[in-house]
Amino acid sequence: MGFPHPLHPGETPVLSTYFGDPGARSHAGWVERGGYTALRQALAMPPSEVVEVVKSSGLRGRGGAGFPTGLKWSFMPKEDGRPHFLVCNADESEPGTFKDREIMRWTPHALIEGCAIASHAIGAERCYIYIRGEFTEPWRIMTEAVAEAYAVGVLGSSALGSGRRIDIVLHRGAGAYICGEETALMNSIEGKRGNPRIKPPFPAQAGLFGLPTTINNVETLAAVPHILTRGADWYRGLSLGNPKSTGTKLISVCGHVMRPGNYEITLGTPMRDLIFDLCGGMRPGRTLKAVIPGGSSVPILNTTEVEGCVTDYEGVVAAGSMLGSGGMIVMDDSTDIVYEIYRLTRFYAHESCAQCTQCREGTGWTVRILERILRGEGKASDLDLLLDLAENMTGKTICVLSDSCAAPVVSGIQKFRADFEAYLTAGRTHALAGV
Amino acid sequence: MSAAHATEAGTHSPVFTGDTLARLEALYDSYPTRQACLLPALWMIQEARGWISPESIAEVATVLGLTPAHVRGVVTFYTMYHQHPMGRHVIQVCTTSPCHLNGSADVVGALLKETGCGELGATSPDGRFTVVEVECLGACGFATPMLIDDDFIESVTPERVAGLLQGYE
Amino acid sequence: MTTELVTLTIDGATVSVPKGTTLIEAAKQAGVLIPHYCYHPSLPSPAVCRMCLVEVEKAPKLLPACVTTVAEGQVVQVHSPAAEKAREGVLEFLLINHPLDCPICDQAGECELQDYVFQEGRSGTRYADYPKRFNPVEEFGPDVLYVPNRCILCTRCVRFMDAVAETPVLNVSERGDRAYIGIDPDHALDHPWAGNVVDLCPVGSLISKDFLHKARAWDLDKSPSVCPGCSQGCNIMIDTRDDVVVRLRPRPNLDVNRHFICDHGRLDYRWMNRGDRVEAPLIREGGRLRATDWDDALDRLAAAVRDAGQGDVVLLASARASTESLGLLRRLAEAAGGTVSAAVHIPQGEEHSLPGIPNLALRAERVPNALGARLVGYTDAWDATLDRVASAALVMVLDLHLPELLDRLAAATGTVCLLDTLDREWPGTVAQVLPVSTMAEEQGTWINRDGRAQAYHPARHAPGMARPAWWVAAEAWSRLEPGRQAEAGVDDAMASVASVIPALDGITPSRLGLTGRIVADAGAQA
C-alpha cells in the first residue's frame with residue numbers, strides 16, 4: 001500500500017533511498033544505513049557552524065514557500081536566555097501533496113535526526129512534530145520511533161551523550177488544512193483554534209507560546225542530515241544549472257499519469273520528463289490537458305506552459321505558477337476542468353478559518369457561482385464576476401488561503417475559458433455529486 | 001444536537017479518571033501550558049466515547065482549567081472531532097480533486113450502498129457505519145484513500161469496498 | 001520622558017504622532033476616519049475584518065491600518081483607488097449573508113455597516129440569486145440578544161469577554177462561512193459589565209432587550225452626562241426621545257471608563273422618567289400642604305432659616321446632588337447662625353470590577369458625588385446626624401427617600417423644609433416642599449472617587465416648576481439680607497462655593513469640558 005515505484009534512472013534518491021525498505025524504520029536499521037552519524041557530527045559543532053553549513057547548501061523550505069532554511073535558522077535570537085522551540089510541520093494537507101507522509105512512514109529516524117540537528121542549531125531543547133490527524137499510520141510509526149530514540153539515548157537529557165537536552169513531542173492535529181500555515185499550527189499546538197496570526201511578530205521573535213520558534217517542513221528537516229554528512233558543496237552541486245534551486249525535491253505526482261507517486265528529482269528536471277518519462281505519461285489514448293504543479297494552491301499550467309517548464313523554484317514561476325509543496329496534479333483530456341476547479345474551491349471554502357472577511361465569505365460565494373455554472377444556470381457575466389471576486393480575495397487577508405482559492409479560478413478562466421463557456425453557452429451541465 | 005444533550009444530561013460519567021487521567025497528566029510536562037494539552041485530551045475523549053459531547057466539553061474544560069466556551073470553539077474548528085454520536089465505525093473518504101480525477105465519486109457511491117448509510121453523514125440503520133466525506137487525506141497518488149476508524153486504506157475502488165468493510169462489526 | 005515623534009502623510013495631511021502609534025489612530029489625528037469593524041481602541045486588534053486596508057507607499061500589498069505602526073516619512077493613502085476597491089469588496093462580502101432588515105433593526109441609523117456601505121459600497125448587489133444564511137435569534141443574557149444573521153464576525157464581543165471582562169463565555173464556533181458567535185451553554189452573558197457587547201457590536205447583531213424596538217436612532221436626542229450609579233463617575237450619554245430617557249450608553253473617557261459602563265449603571269435610568277414628581281412649591285397651611293409660587297415659597301424658606309436663629313440646623317442630602325447644590329445649601333444653613341450638622345447618605349453595594357481595565361469598577365459607594373459632598377463639608381456620619389433631627393431648630397433635606405428618615409422627620413420638633421423631586425405622603429411635621437430637578441434635568445458638577453470633577457448636562461426638561469437645588473438655596477440666601485445677589489447660573493454657583501473651598505477654584509461646569517479635571521487635594525481614594 002502506497003508502495004513506491006521501482007527506482008527510475010531519472011531520479012536522484014537521497015531522502016527516498018529507503019522508501020519501501022521496512023528495515024530502515026527501526027533505530028538499529030537506521031544506524032546500519034548510516035543514520036545518526038550526522039547528528040553526532042552536528043552535536044560536536046557549535047550551533048552557528050551548523051547553521052552556516054545549511055546556509056551554504058542552498059537548502060530551501062520544502063513546505064511551499066521556499067524560504068532559505070539556513071537563513072531562517074539564523075533569525076533565531078542568540079543566547080537570549082529564553083527557551084527556543086523547533087516545530088516540524090507534518091500537517092501535510094495540500095491537495096496533491098503526499099511526500100512527508102512517505103518520509104515518516106519509511107524513514108522516521110531521518111526526521112528525528114533532522115529535528116535533533118535543527119534543534120541544536122537554533123538552541124532549542126524541545127521540538128514539536130505536528131502530524132495531521134488523518135495520518136494514523138505515520139503517527140503510529142513516528143510514535144514508536146520517538147520512543148525508541150529515547151530508549152537508546154538519541155533523545156532526552158543528553159542526546160547521544162552530548163550533554164545537550166533534545167526532546168521531541170509528537171502533536172496530533174484533528175482535521176484542519178489551515179494548520180499547515182505556520183502560525184495557525186502554533187495556535188493549534190497551544191490548544192486554540194487554528195487561526196493564522198498576524199505577522200509581525202515573526203516566529204523567530206514570538207512564535208510558539210510567545211517564544212522564539214523556527215518551523216520547518218518534514219522534507220526540509222529530513223534533508224539536513226544528508227547535508228551534514230555529505231557536505232554543503234555536495235548538496236549545492238545537486239542542481240541542474242540554477243544556483244538558487246539546489247538539492248533534490250520530492251515531487252508528489254497524482255491524477256492522470258500511469259505511475260503516480262513520489263519522485264525525488266534534482267531540482268531543474270524538465271517537467272515534461274517528470275510526467276512523460278518518470279511517471280509513465282498519460283493513460284493510453286489520452287493526452288495532457290493541464291497540470292497544477294505545486295499543490296492545489298497555485299495557478300494551473302496548460303500544455304504549452306508545461307512543455308518548457310523546468311521543475312525548480314524559479315522555473316515554475318517563469319512558466320506562470322509556483323513549485324509550492326511540489327504536489328503535482330496532472331489532468332488529461334478527459335478532465336472537466338470546470339468541475340475540478342469547483343471541487344478545489346469547495347475545499348478552500350470548507351477549510352477557511354473564518355477570520356478574514358474576504359476568505360470567509362468569498363470562498364463560499366465562489367463555490368456557489370461555480371455550482372450555478374455547472375448546473376447550466378450560469379450567466380454570461382459570471383466569469384467576470386468570478387475574476388472580480390478573485391481580485392478582491394487576493395493579497396488582502398492574513399494568510400494566503402483566500403489567494404489559494406482564487407488562483408485556480410483565475411488561471412482556469414484565463415487558460416481554459418472555452419471549457420467554462422461550454423457551460424455558459426453550449427448547454428453543458430455536470431451533476432453535483434456529494435454535498 | 002439538543003436531543004443528544006438530553007439523553008446524556010445528568011448521566012455523564014467522567015472520561016478523565018484512572019488510566020486516561022494518568023495518560024493526560026503524563027502530557028503536562030510536554031507543554032508549558034495546560035491549554036496545549038487540549039487537542040490530545042479531546043482525542044482521548046473521542047477514543048473513549050466516539051464523540052465529544054457537551055458534558056465532555058465541560059469536563060475537559062474543568063480538568064485543564066479552561067472555559068467550556070473556549071473548548072467548544074476548538075472542537076467545532078477541527079473536523080475530526082465528532083460533535084454528534086457516530087456509527088460504531090467511522091469511514092472518512094476523500095473526494096478532493098486529485099481523488100475525484102480518479103473516481104472517488106464512485107467509491108463514495110459504493111460505500112453508501114454497501115454500508116446502508118444512504119447518504120453522507122448519516123449512520124447506517126444497524127448503527128455499524130457512518131460515512132463522511134473529507135477533504136484531502138494526503139495520499140493523492142494512491143487514490144482513493146479512506147480511513148475506517150484509524151485504519152488508513154489506499155487505492156480503494158468500488159469493487160474493493162465490500163471486501164474492505166468485512167471485519168468491522 | 002520625551003516621546004519620540006514620527007512624521008507621516010495620510011491622505012495628503014502631515015501629522016506627527018508618537019512612535020508605535022497605529023495608522024488608524026494616526027489617521028484620526030490627521031482628521032481621516034479609516035473605516036473599520038474589528039478594531040476597537042479598548043480591545044486587542046486581530047486585524048480580521050480587513051476593512052481598514054490602506055495603501056502605504058512602497059508596501060507590496062495593502063496593509064491593515066489597525067495593526068500597522070507608523071514609520072518616518074510614510075505616505076499613506078486611505079482613499080486611493082486600490083484601497084477603496086478593497087473596502088468595497090469587503091462590504092460586498094459582508095452583505096452576502098447580512099439581511100437587509102434595517103427597517104426593523106435597532107442599530108439602523110447608528111450602524112457602521114449601513115454607514116460604510118452608504119459611503120463606499122456598491123450601489124447594487126451581485127448576490128441576488130442565493131438565499132441568505134439563516135440562524136435563529138438567541139438569548140445570550142439578561143439584556144443581550146444575538147441576531148446571528150446580522151453578525152459580521154468582527155469578534156469584538158468575544159474579545160471583550162476574553163480580554164476585558166476576563167470571563168470568556170463567548171467564542172467563534174465552526175469555520176468558514178458557517179461560523180457564528182457561540183456561547184457556553186451553561187453560562188449566560190450575565191457578567192456585570194456584559195452589556196458593553198451591545199455597544200461594541202458595530203451592527204445590530206447584539207442588541208439590548210431593554211432598548212428593543214423602543215426608538216429609532218435618528219429620533220434620539222443625546223446629552224453628555226455622568227453616570228449617577230456609583231463613585232466611579234463613568235461618562236455616559238443620555239439618550240432621550242420626546243423628553244423621555246430611553247437609554248444610557250457609555251461615552252468615552254480614557255481616564256475614567258475608557259469605552260465602557262456597567263450594567264447596573266446602564267439600566268438604572270427609569271427613575272429619571274418618573275411621573276410622580278413634585279411640580280410646584282408646597283407649603284403647609286391649616287394642617288395640609290398647598291401649592292404656592294416660588295416667590296412665596298422662597299420667602300418662607302428664608303424665614304425658616306432666619307427663625308432658626310442660634311438653634312441647631314441639620315442638613316441631610318443625597319450624594320447624587322451637585323457640588324453646587326450641596327455647597328449653596330450649606331451656605332444657606334450656615335446663614336442661620338447656629339451649629340450646622342450636614343451629612344450625606346451613601347448607600348453601599350457590592351463592588352464589581354472590569355478586570356481588563358485598570359481602576360474601573362462598579363464601586364461599593366453607590367453615589368456619584370460622595371467626594372464632592374465631603375469636600376464642601378458634609379459628613380458620612382449619617383446615623384449620628386440623624387439623631388440630631390428631633391432637637392434641631394431647622395431640618396433641611398435634599399432629595400432623600402429613605403423610610404427611616406421619614407420616621408425621624410415625623411418626630412422633628414423644629415421646622416422641616418424639603419427640597420425634593422418626588423411627590424409622596426410626608427409626615428405632618430414637614431412645613432414646605434420645594435420641587436427640584438434631577439441630574440437628568442440640570443447642569444452640575446460631581447467629583448468622583450479619584451478626585452476628578454466632571455460636569456453633567458441636562459437631557460430632559462424638569463417637570464412643572466422644579467428648579468435646581470442650588471438655585472433654590474441661592475434665592476433663599478439672597479433674601480436673608482438686602483443687597484445679596486443670588487447666583488445667576490451654575491458657573492456662578494460653583495464660583496461661590498469655591499470662594500469658601502479653594503480647591504474648587506476654577507472648577508466650573510462650563511470649563512470642565514467633556515472629560516473633567518482632577519481637583520487638587522480632593523482627598524481622592526485612589
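None of the values given here were measured: they were computed from a predicted structure.

Let's talk about the overall build of chain B
Thinking step 1. Helix and strand counts for chain B stand at eight helices and four strands.
Thinking step 2. Listing the helices and strands of chain B from first to last along the sequence gives α-α-α-α-α-β-α-α-β-β-β-α.
Thinking step 3. Taken along its principal axes, the extent of the C-alpha atoms in chain B is 50 × 35 × 25 Å.
Thinking step 4. Taking all 169 residues of chain B together, the buried fraction comes to 49%.

A few points about the overall build of chain A
Thinking step 1. For chain A, the count of helices and strands is 18 helices and 11 strands.
Thinking step 2. Computed over its C-alpha atoms, the radius of gyration of chain A comes to 22 Å, within 12% of the 22 Å expected for a compact globule of 435 residues.
Thinking step 3. Projected onto the principal axes, the alpha-carbon positions of chain A cover approximately 70 × 45 × 35 Å.
Thinking step 4. Within chain A, the proportion of its 435 residues that are buried is 61%.
Thinking step 5. Sequence-distant contacts, at least 24 apart, represent 72% of the contacts inside chain A between residues at least 6 apart.

Some thoughts on the pairing of strand 14 (residues 282-285) of chain C
Residues and elements named next belong to chain C.
Thinking step 1. The pairing of strand 14 with strand 15 (residues 288-291) spans four bridges and is classified as antiparallel. Note on strand 15: the bridge partner recorded for Ile 283 is Arg 290.
Thinking step 2. The antiparallel pairing of strand 14 with strand 15 creates a hairpin that spans two residues between the two strands, and Gly 286 there sits at a positive phi of about 60°.
Thinking step 3. Note that strand 14 and strand 22 (residues 430-435) share two bridges and pair antiparallel. Within strand 22, the residue paired with Ile 283 across the bridge is Gln 432.

A short note on the interface of chain C and chain B
Thinking step 1. Between chain C and chain B, the contact holds 13 residues from the first and 10 residues from the second.
Thinking step 2. The element best represented in the side of chain C that touches chain B is strand 8 (residues 170-173) of chain C, accounting for four residues.
Thinking step 3. Here the side of chain C that touches chain B is composed, by residue class, of six nonpolar, three polar and four charged.

Notes on the interface of chain A and chain B
Thinking step 1. On the side of chain B, 41 residues touch chain A, which itself brings 52 residues to the contact.
Thinking step 2. Elements with a contribution of two residues or more to the side of chain A that touches chain B: helix 7 (136-151), strand 3 (167-172), helix 8 (182-189), strand 5 (248-255), strand 6 (261-266), strand 11 (327-332) and helix 14 (337-351) of chain A.

Focus on the packing of helix 8 (residues 323-334) of chain C against helix 12 (residues 469-478) of chain C
All names here are of chain C.
Thinking step 1. Interhelical geometry of helix 8 versus helix 12 gives an angle of 25° and a closest axis separation of 8 Å. By the angle class used here, helix 8 and helix 12 are roughly parallel. Here helix 8 runs over helix 12; the crossing is left-handed. Here Glu 324, Ser 325, Leu 328, Leu 329, Arg 331 and Leu 332 of helix 8 lie close against helix 12, whose contacting residues are Ala 469, Trp 470, Ala 473, Ala 474, Ala 476 and Trp 477.
Thinking step 2. Residue composition of the contact of helix 8 with helix 12, by class: nine nonpolar, one polar and two charged.

Regarding the environment of Asp521(C)
Thinking step 1. Within the secondary structure, Asp521(C) is located in the segment after strand 25 (517-518).
Thinking step 2. Spatially, the C-alpha atom of Asp521(C) lies 8.0 Å from that of Gly451(C), the residues being 70 residues apart in sequence.

Comments concerning the nonpolar core
Thinking step 1. Residues Cys88(A), Cys115(A), Ile129(A), Val54(C) and Leu329(C) are the most contacted members of the largest nonpolar core, which totals 354 residues.
Thinking step 2. Considering each element in turn, this core owes the most residues, nine residues, to helix 6 (residues 108-122) of chain A.
Thinking step 3. Apart from residues lying up to four places away in sequence, Val54(C) is in contact with Leu23(C), Ile34(C), Leu62(C), Leu63(C), Ala65(C), Val76(C), Gln77(C), Val78(C) and Ala83(C).

Let's talk about the sheet that holds strand 12 (residues 235-241) of chain C
Residue and element names in this part refer to chain C.
Thinking step 1. What the three strands build is an open sheet, ordered 11-12-13; its pairing is antiparallel. Looking at strand neighbours, the two that pair on one side only are strand 11 (221-226) and strand 13 (244-250), the edges of this open sheet. Strand after strand, the sheet turns through a mean of 30° between neighbouring axes, direction not considered.
Thinking step 2. Pairing of strand 12 with strand 13, which is carried by six bridges, proceeds in the antiparallel orientation. Considered in strand 13, the bridge of Arg 241 is made with Val 244.

Looking at the sheet that holds strand 4 (residues 151-153) of chain B
Backbone-to-backbone hydrogen bonds join strands into a sheet, with any given pair of strands oriented parallel or antiparallel.
Residue and element names in this part refer to chain B.
Thinking step 1. Pairing is mixed across the open sheet formed by four strands, whose spatial order is 2-1-3-4. Two strands close off the open sheet at either side, each with one partner strand: strand 2 (129-134) and strand 4. Ignoring which end each strand starts from, the neighbouring axes of this sheet average 20° apart.

Structural notes on the confidence of the model for chain B
Residues and elements named next belong to chain B.
Thinking step 1. With 94% of its residues at a pLDDT of at least 70, chain B reaches an overall mean of 93.
Thinking step 2. In this model, residues 1-9 is a region of pLDDT below 50 whose contacts with residues beyond four sequence positions or in other chains number seven contacts.
Thinking step 3. Model confidence for the complex: the whole-complex pTM is 0.95, and ipTM, which rates the interface, is 0.95.

Observations concerning the environment of Cys227(C)
Residues and elements named next belong to chain C.
Thinking step 1. In this fold, Cys 227 is placed in the loop between strand 11 and strand 12.
Thinking step 2. According to the C-beta neighbour criterion, Cys 227 is buried, with 30 such atoms within 10 Å.
Thinking step 3. Among all residues touching Cys 227, those that are not within four sequence positions of it are Gly 233, Cys 234, Ile 236, Ile 261, Gly 265 and Pro 368.

Examining helix 7 (residues 294-308) of chain C
Residues and elements named next belong to chain C.
Thinking step 1. Its 15 residues give helix 7 an end-to-end C-alpha distance of 21 Å, which sits within 8% of 21 Å, the value for a rise of 1.5 Å per residue.
Thinking step 2. Residues Ala 297, Leu 298, Arg 300, Leu 301, Ala 304, Val 305 and Ala 308 constitute the buried set of helix 7. Projected onto a plane normal to the axis of helix 7, the buried residues spread over an arc of 160° and lie on a single side.
Thinking step 3. Immediately beyond the C-terminal end of helix 7, within one or two residues, lies Gly 309, with a positive phi of roughly 55°.

The rules behind the values
Residues numbered from 1 in each chain as written. Chains lettered and ligands numbered in written order. Predicted model: local features only at pLDDT ≥ 70, side-chain atom pairs only at ≥ 80, totals over all residues. Helix = DSSP H or I, 4+ residues; strand = E, 2+ residues; numbered from the N terminus. Buried ≥ 20, exposed ≤ 12 C-beta atoms within 10 Å, placed from the backbone. Rg over C-alpha atoms; globule rule 2.2 N^0.38 Å. Contact = placed C-beta atoms within 7 Å. Pairing = 2+ DSSP bridges. Nonpolar A, V, L, I, M, F, W, Y, C, P; charged D, E, K, R; others polar. Axes fitted to C-alpha atoms, helices over the stretch in contact; angles between N-to-C directions. Parallel < 35°, antiparallel > 145°, perpendicular 65-115°, else oblique. Left-handed = near helix turned anticlockwise from the far one by under 90°. Core = buried A, V, L, I, M, F, W, Y, C linked by C-beta atoms within 7 Å. pLDDT = per-residue confidence, 0-100. Expected span 1.5 Å × (residues − 1). Arc of directions from axis to C-beta.

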